[in-house]
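Chain by chain, the residues run as shown.
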Amino acid sequence: MLRRLRAPHGALALPAWVFLLTFFVAPVALVVWYSFGEKPGLFGTHSNEVLSFARYAEAADATFLATFWNTLRIAVLGTLICLVVALPFAYWVAVKVPARWRGLLIALVLVPFWTNFLVRTLGWQIALSPEGPASSALQALGLRDGPLQVLYTRGAVQLGVVYNYLPLMVLPCYVALERTTSSLREASRDLGAGRWRTLTSVTLPLAFPGIAAGCLLVFVPLMGDYVTATVLGGAKGNMVGQLVASQFQTAQNWALGSAMAVLLVAFIAGTVLVAAVVALLVRGAVRRARRVDLPAPAGEPSVLAGAGARS
Amino acid sequence: MTAVDEGTRTRRAAPAAGARRRRRSTSTALLGLWGALVLVFLFLPIAVIVVYSFNTGRLLTSWQGFGFSAYAAGLDRPVIRTAIATSVQAAVGAALLSAVIGSLAGLALARRGGRWAGLLTLLLGLTLVTPEIMDAISLLGWFVSLDSDAGLSLFGNGLARLVIAHSVLSTAVVTFIVRARVAGTDSALEEAAADLYATPWARFRTVTLPLAAPGVLAGGLMAFTLSLDNTIVASFVQLPGGTPWPVYILSALRAALRPEIAAVSTLMFLLTLGSLAVVAVVLRRSGDSATDIARTLTGGG
């Protein structure tokens, strides 16, 4: 009976397997393969006649490292700013706003998220341009003498990426905070904890998985993004993604571009892994420090031993 | 705790309660102010685009006057009309393809489809977190080799390339939505149908599919909007003559931007808004809370 039910269910995943192996795994493997090759002469894009690590050495030159450093700075700073902006907002929606308004507010966060990010970035380009609304308003108020010179600076890029990835931080934080029911916060107050203590010892630890997911969802795509930086930063907003794209679209050196892309992805994976390990260690340390050992009353040792092991 | 302590606490608590309530309302007000500011921030550039779509000037960034000339000019240009048509065709194709593949995978995962389920989940998760530039260059190389080296002319078709590329990005979204929806239902329903001598096909059609339908529809519509917005991957895999709308904007950035861009973007924005509204209504009617919908719309996480 059960066997008969399960067998077709496994087969249902077959199209997905075939599709992903053909159009995700195989293409990425091809890029890794290209990265060991070279550019054969002026008109070819790639050749794997001679295999070497030479493209990786070529990729990791001074320009690349400088751009890489710039990308990392923008991504880390962007993730932190998103967290600082999103967390109070998510807390407000999940805890302070009446339940019937929450759906509307979350829908309002989602609408910008689902509109084209290039168009939204273009909106910032208009808003920040020297002849744009922000500039004329500041001049009209007498706060600035000349036109606003924000566009095509690193600040504009930072603003653009924070804007573009903010919903990806808000939503997981909101989902996590919404699950921390008010009864737990009330229990914490009843047990004598102040508001600050309740926030740091009950609410935030419970929201930790959401915060971690948000940081991941913002940091990873941000490291690969380059369109935001091109639109708002011009030549100053160079990101690693831009270097990879120009190897494919302008220089026609697919081997070098592939090596750069592999380096980028490897670095992102490494960073996420390190961050995950650090986060788990910190959480473990905090839990050990805050661990509450209940004194075992006589008669029921087994039950409490079980409870202790679980906490 | 001694009686003296108890007494001091009560005496101190009485006058402090008012102050505490005042402090609490201040912090709530501050949080509310912050919330309003964040919402304004989120909508500011969209409002700017919508407002500037009514700019009658020749350049997008310098405001001349209010009018609908940009809409007329935008819809009149064949290049823009072709770009919109390409975008919509690719989006419909990607929505259908990823809805079929993703729904089947979602059903399989929801009912613990074999020992490979964990690996498939991991693979789908990887497609969600891989930087788009990696997807872009890898699919470009792959399509070019399939087309010219293996002689499969399908992959020399620009629309087919766009549909496949966009489906790679959205299959995971559909899968996770359908999985979440079906996992919430009882597999006993299907077992009951089997006990009542329903054939596997009848069981699938009359029990499983109706259960999964809201998820399939929501997932398909989200794949549609994802495809409509895709810029980076599309700019790599597209072929001449088949440029989708966002890639047209990207190439227009190199020249001076004209108000038509804002006008057509506003229209596309309405299309996205419409399909999102349908998603919300479908999920709402099938009994999801706002939180469930939010989780669904972030990719089913």
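Caption draft 1: Examining the overall build of chain A more closely. On a plain count of helices and strands, chain A comes out with 14 helices and zero strands. Each helix and strand of chain A, ordered N terminal to C terminal, gives the series α-α-α-α-α-α-α-α-α-α-α-α-α-α. By residue count, 45% of the 311 residues in chain A fall in the buried class. Pairs at least 24 apart in sequence give 67% of the contacts found in chain A among residues at least 6 apart.

Caption draft 2: Broad picture of the packing of helix 2 (residues 69–76) of chain B against helix 11 (residues 259–285) of chain B. All names here are of chain B. For the pair helix 2 and helix 11, the least separation of the axes is 8 Å and the interaxial angle reads 85°. Judged on the interaxial angle alone, helix 11 and helix 2 are roughly perpendicular. The segment helix 2 lies against helix 11, with Ala 70, Tyr 71, Ala 73, Gly 74 and Leu 75 engaging Pro 259, Glu 260, Ala 263, Val 264, Thr 266 and Leu 267. A per-class count over the contact of helix 2 with helix 11 returns eight nonpolar, two polar and one charged.

Caption draft 3: Region of interest: unusual backbone geometry. Phi at A:Tyr152 is positive, roughly 65°, even though this residue is not glycine. The residue B:Tyr197 is not glycine, and still its phi comes out positive at about 65°. Tracing the chain through its elements places B:Tyr197 in the loop between helix 7 (188–195) and helix 8 (200–229).

Caption draft 4: How the structure looks around the pattern of salt bridges. Scanning the model with the defined rule gives four salt bridges over all chains in all. A:Arg55 is paired through a salt bridge with A:Glu58; the nearest N and O atoms lie 2.9 Å apart. Linking A:Arg55 with A:Glu58, this pair stays in helix 3 (residues 54–59), spanning three residues, or about one helical turn. Of the charged contacts, one joins B:Arg258 and B:Glu260 as a salt bridge, the two residues approaching to 3.3 Å between their closest N and O atoms. For B:Glu260, a relative accessible area of 5% gives the class buried. When salt bridges that share partners are traced, they join B:Arg77, B:Arg258 and B:Glu260 into one network.

Caption draft 5: Broad picture of the environment of B:Ser103. All names here are of chain B. Mapped onto the elements, Ser 103 comes out in helix 3 (residues 78–110). In the structure, Ser 103 is positioned 69 residues away from Ala 172 in sequence and 9.6 Å away in space, judged by C-alpha atoms. Residues in contact with Ser 103, not counting those within four places in the same chain, are Ser 98, Val 174, Val 178 and Val 216.

Caption draft 6: Structural view of the interface of chain B and chain A. Between chain B and chain A, the residue contacts involve 89 residues of the former and 86 residues of the latter. The interface formed by chain B and chain A contains zero salt bridges. Inspection of the chain B/chain A interface yields four residue pairs in polar contact (both at pLDDT 80 or more). Tallying contributions element by element places helix 1 (residues 3–52) of chain B first for the side of chain B that touches chain A, with 19 residues.

Caption draft 7: Spatial organisation of helix 4 (residues 62–96) of chain A. A rise of 1.5 Å per residue sets the reference length of helix 4 of chain A, with its 35 residues, at 51 Å; its end C-alpha atoms lie 50 Å apart and thus fit the reference within 8%. Taking the largest bend as the criterion, helix 4 of chain A deviates by roughly 25°, centred on A:Ala86, and proline A:Pro88 comes between one and four positions later.

Caption draft 8: Region of interest: the state of the cysteines. Residue and element names in this part refer to chain A. Scanning the model with the defined rule gives zero disulfides over all chains in all. Not part of a disulfide, Cys 173 finds its nearest cysteine sulfur in Cys 215, a span of 7.2 Å. Accessibility expressed as a relative area gives 1% for Cys 173, which makes it buried.

Rules behind the numbers
Residues numbered from 1 in each chain as written. Chains lettered and ligands numbered in written order. Predicted model: local features only at pLDDT ≥ 70, side-chain atom pairs only at ≥ 80, totals over all residues. Heavy atoms only, no water. Helix = DSSP H or I, 4+ residues; strand = E, 2+ residues; numbered from the N terminus. Buried < 20%, exposed > 50% of the residue type's maximum accessible area, 1.4 Å probe, protein only. Contact = heavy atoms within 4.5 Å. Axes fitted to C-alpha atoms, helices over the stretch in contact; angles between N-to-C directions. Parallel < 35°, antiparallel > 145°, perpendicular 65-115°, else oblique. Nonpolar A, V, L, I, M, F, W, Y, C, P; charged D, E, K, R; others polar. Salt bridge = Lys/Arg side-chain N within 4 Å of Asp/Glu carboxyl O. Polar contact = N/O pair within 3.5 Å; in protein donor to acceptor, adjacent residues only side chain to side chain. Expected span 1.5 Å × (residues − 1). Bend = angle between axes of the 7 residues up to and from the residue. Disulfide = S-S within 2.5 Å.

Geometric values such as these leave the question of function open.
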